[in-house]
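Analysis of the macromolecular model
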Amino acid sequence: MEMGVQLLGYWASPFALRIKWALKLKEIHYENVEEHLPDKSPMLLQYNPVHKKIPVLVHKGKPLAESLVIIEYIDEVWKHNPLLPQDPYQRAKVRFWAKFADEKCVPTMFKAFSKVGAEQEQAAKELRENLKTLESALEGKHFFGGETIGFLDIAVGWIGCWARMNEEVAGVNMIDVEMMPLLSAWFQKFLELPIIKECLPPQDKLLVHTKEFHKMLMAALT
Amino acid sequence: MEEEVKLLGAWPSPYSYRVLWALSLKDIKYEYVEEDLSNKSDLLLQYNPVYKKIPVLVHGGKPISESLVILEYMEETWPQNPLLPQDPYDKAMARFWAKFGEDKGPIFMAIFVTVGEEQEKAAKEAKEQLTILEEQALGEKKFFGGDKIGLTDIVLGWMAGWLDVIEEVSGLKLLEAETFPRLHAWVQRFKEVPGIKEQLPDRDEMLVYYKKKREMFIGSVKP
């Protein structure tokens, strides 16, 4: 059993969820420390003074922030069930796509969720195009990681869950089944995997949370 | 047999220089292709269809885009003169700071595309990031990478070659020696590193280039 692994997280955070998936796939025992956002504990402020954000992984007393950096660290320290591919070129590809998802898909998804009217439609259109581009990274495989899930699956898989919530609450189409059939199918397959599903936040609670967040954002527009 | 290495870059992109520096530090033979960004080549569009941007490293015909992804690839493919520490935690911290440097880039460039009050606000924000770099990222170390330069130094290398030109053209000083003595010393040290010092863009040429760009951004607004 691995001693001294803590995860400072938040139940509704997809970035904390990525870490939970990584830890689960590696069968690493850890202590989950729930932050009661928006209040930040002294521990969080001490462990991540630069960004003051979760997730933070603490291993043998040493803290790490930035979810993709954390996942690469986990993969290097616990070498069984590798998350990243072995080959440097394949590793470059998954890093490229994880970066693309974070830098392109995430902001446009947020914009499509937080705006209305023409601005919202434009953002949703861009998001769909970005997701379509992401689909090409599947290269006809079962999962981004091939026959089994890997780094890229856990880096982007949360989008499937949150997008569905966002679509329902904000009334906008994000994952267009006709436009991106392979990505759609992959999201469904991925989120149904027991090891993935059991870490997801309770869906009814997340829906309430999403609705409240949306209300706040809409109020800020007026 | 050695597979051939090609770099598609553009002067004076600091992102391009990151890869040039790594190639230099690792002593890798390569062919350099200068891209005209106003008229992108078919090769670039083929090799980087997603972003259509430089730098692109092509190794044995296989293209890699995004400078940080390229640097990690280079580190794994050519391990000599390592840019990352061996220890997983130290390596993760280097990546953390490299990402910080990367993410905060636009904050620094904001002084370049603004004037007046907006520019002052941008300068204040930029100095806050410099404080974090000075105190938390660099601290008492010679380089961000420790005794030798590493990934974070390369990602922040634009501060050594470009920042003072941006400051001059924008009419605003950010990296004052008295306020940021460690960063200031790091800039001088970085510029002297063999492999870096031979690969720094010409200051006069950069002044001309960035003055023109600033004029384009600002238009007829007088600072």
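Just so it is clear, the model here is predicted, and its values are computed rather than measured.

What counts and what doesn't
- Residues numbered from 1 in each chain as written.
- Chains lettered and ligands numbered in written order.
- Predicted model: local features only at pLDDT ≥ 70, side-chain atom pairs only at ≥ 80, totals over all residues.
- Heavy atoms only, no water.
- Helix = DSSP H or I, 4+ residues; strand = E, 2+ residues; numbered from the N terminus.
- Rg over C-alpha atoms; globule rule 2.2 N^0.38 Å.
- Buried < 20%, exposed > 50% of the residue type's maximum accessible area, 1.4 Å probe, protein only.
- Patch = residues over 30% accessible without salt bridge, like charges linked within 9 Å, V, L, I, M, F, W, Y side chains within 5 Å.
- Areas by Shrake-Rupley, 256 points an atom, 1.4 Å probe, with all protein chains shown as cover.
- Salt bridge = Lys/Arg side-chain N within 4 Å of Asp/Glu carboxyl O.
- Pairing = 2+ DSSP bridges.
- Axes fitted to C-alpha atoms, helices over the stretch in contact; angles between N-to-C directions.
- Contact = heavy atoms within 4.5 Å.
- pLDDT = per-residue confidence, 0-100.
- Lys, Arg positive; Asp, Glu negative; His and termini not counted.
- Charge placed at Lys NZ, Arg CZ, Asp CG, Glu CD.
- Polar contact = N/O pair within 3.5 Å; in protein donor to acceptor, adjacent residues only side chain to side chain.
- Buried area = accessible area lost by both parts, 1.4 Å probe.

1. Notes on the overall build of chain A
Tallying secondary structure elements over chain A gives 10 helices and 4 strands in all. Reading chain A from its N terminus to its C terminus gives the helix and strand order β-α-β-α-β-β-α-α-α-α-α-α-α-α. For a compact globule of 222 residues, the expected C-alpha radius of gyration is about 17 Å, and chain A comes in at 18 Å, within 12% of that figure. Across its three principal directions, the C-alpha atoms of chain A cover 50 × 45 × 30 Å. Expressed as a percentage of the 222 residues in chain A, the buried residues total 54%.

2. Here we look at a nonpolar patch on the surface
All names here are of chain A. Residues Phe110, Phe213 and Met216 make up a contiguous nonpolar surface patch of about 310 Å² in total accessible area. Mapped onto the elements, phenylalanine 213 comes out in helix 10 (residues 203–221). Residue phenylalanine 213 is classed as partly exposed on the basis of its relative accessible area of 33%.

3. A closer look at the sheet that holds strand 2 (residues 31–34) of chain A
Residue and element names in this part refer to chain A. Taken in spatial order, the 4 strands make up an open sheet running 2-1-3-4, and their pairing is mixed. The open sheet has two free edges, formed respectively by strand 2 and strand 4 (62–65), since each of these has just one partner strand. When the angles between neighbouring strand axes are averaged without regard to direction, this sheet yields 20°. Here strand 1 (residues 5–9) runs beside strand 3 (residues 56–59); their pairing, made up of 4 bridges, is antiparallel.

4. Quick look at the environment of isoleucine 54 of chain B
Residue and element names in this part refer to chain B. As for its position among the elements, isoleucine 54 is in the loop between helix 2 (42–47) and strand 3 (56–59). Along the backbone, isoleucine 54 and valine 193 are 139 residues apart, and their C-alpha atoms lie at a distance of 25 Å. Setting aside its immediate chain neighbours within four residues, isoleucine 54 contacts Leu8, Gly9, Ala10, Ser13, Ser16, Glu35, Leu37 and Leu44.

5. Digging into the environment of lysine 99 of chain B
Residues and elements named next belong to chain B. Relative to the helices and strands, lysine 99 is located in helix 4 (residues 88–109). Assessed through its relative accessible area of 29%, lysine 99 is described here as partly exposed. Sequence separation of lysine 99 and threonine 152 is 53 residues, and the distance between their C-alpha atoms is 8.4 Å.

6. Some thoughts on the sheet that holds strand 1 (residues 5–9) of chain B
All names here are of chain B. Ordered by their spatial adjacency, 4 strands build an open sheet running 2-1-3-4, and the pairing between neighbours is mixed. Strands at the two margins of the open sheet, each flanked by one partner only, are strand 2 (31–34) and strand 4 (62–65). Averaged over all neighbouring strand pairs, the angle between strand axes comes to 20°, with direction disregarded. Across 4 bridges, the pairing between strand 3 and strand 4 is antiparallel. Looking across to strand 4, one finds that histidine 59 is bridged to lysine 62.

7. Structural notes on the confidence of the model for chain B
In this model, chain B carries a mean pLDDT of 94, and residues with pLDDT of at least 70 account for 98%. Scoring of the predicted complex yields 0.95 for pTM and 0.95 for ipTM.

8. Details of a positive patch on the surface
Positive charge collects at one region of the surface, where Lys104 of chain A together with Lys40, Lys52 and Lys53 of chain B lie side by side. As for its placement among the helices and strands, lysine 40 of chain B is situated in the loop between strand 2 and helix 2. Under the relative-accessibility criterion, lysine 40 of chain B is labelled partly exposed at 33%.

9. A closer look at the pattern of salt bridges
Opposite charge on two side chains makes pairing possible when the charged atoms of those side chains draw close. One pass over the full model with this rule turns up 30 salt bridges over all chains. Of the charged contacts in the structure, one is a salt bridge between arginine 95 of chain B and glutamate 76 of chain A, with a shortest N-O distance of 3.0 Å. With arginine 95 of chain B in helix 4 and glutamate 76 of chain A in helix 3 (residues 67–77), the pair connects residues from two separate chains. For the pair arginine 95 of chain B and glutamate 76 of chain A, a shared accessibility class is recorded, and that class is buried. Two residues, lysine 173 of chain B and glutamate 167 of chain B, come together in a salt bridge whose shortest N-O distance is 2.9 Å.

10. Points about the side chain of arginine 214 of chain B
Residue and element names in this part refer to chain B. You can see arginine 214 is positioned in helix 10 (residues 203–218). One buried charged residue, arginine 214, remains without a salt bridge, the closest side chain of opposite sign being glutamate 215 at 8.4 Å. Within the structure, the side chain of arginine 214 is placed 3.0 Å from the backbone oxygen of threonine 114, a separation counted as a polar contact.

11. Some details on the interface of chain A and chain B
Accessible area lost on assembly of the parts is the figure often given for the size of an interface. Each partner contributes to the interface: chain A provides 26 residues, whereas chain B provides 27 residues. In total, about 2,400 Å² of surface goes out of reach between chain A and chain B, with carbon and sulfur atoms giving 68% of it. On the chain A side of the interface with chain B, the three residues burying the most area are Val50, Tyr89 and Phe96 of chain A, jointly 25% of the side's total. Between the two partners, chain A and chain B, sit 9 salt bridges. One salt bridge in this structure joins glutamate 102 of chain B and lysine 99 of chain A, with 3.7 Å as the shortest N-O distance. Remark: the boundary between chain A and chain B carries 8 residue pairs in polar contact (both at pLDDT 80 or more). Tallying contributions element by element places helix 4 (residues 88–114) of chain A first for the side of chain A that touches chain B, with 11 residues.

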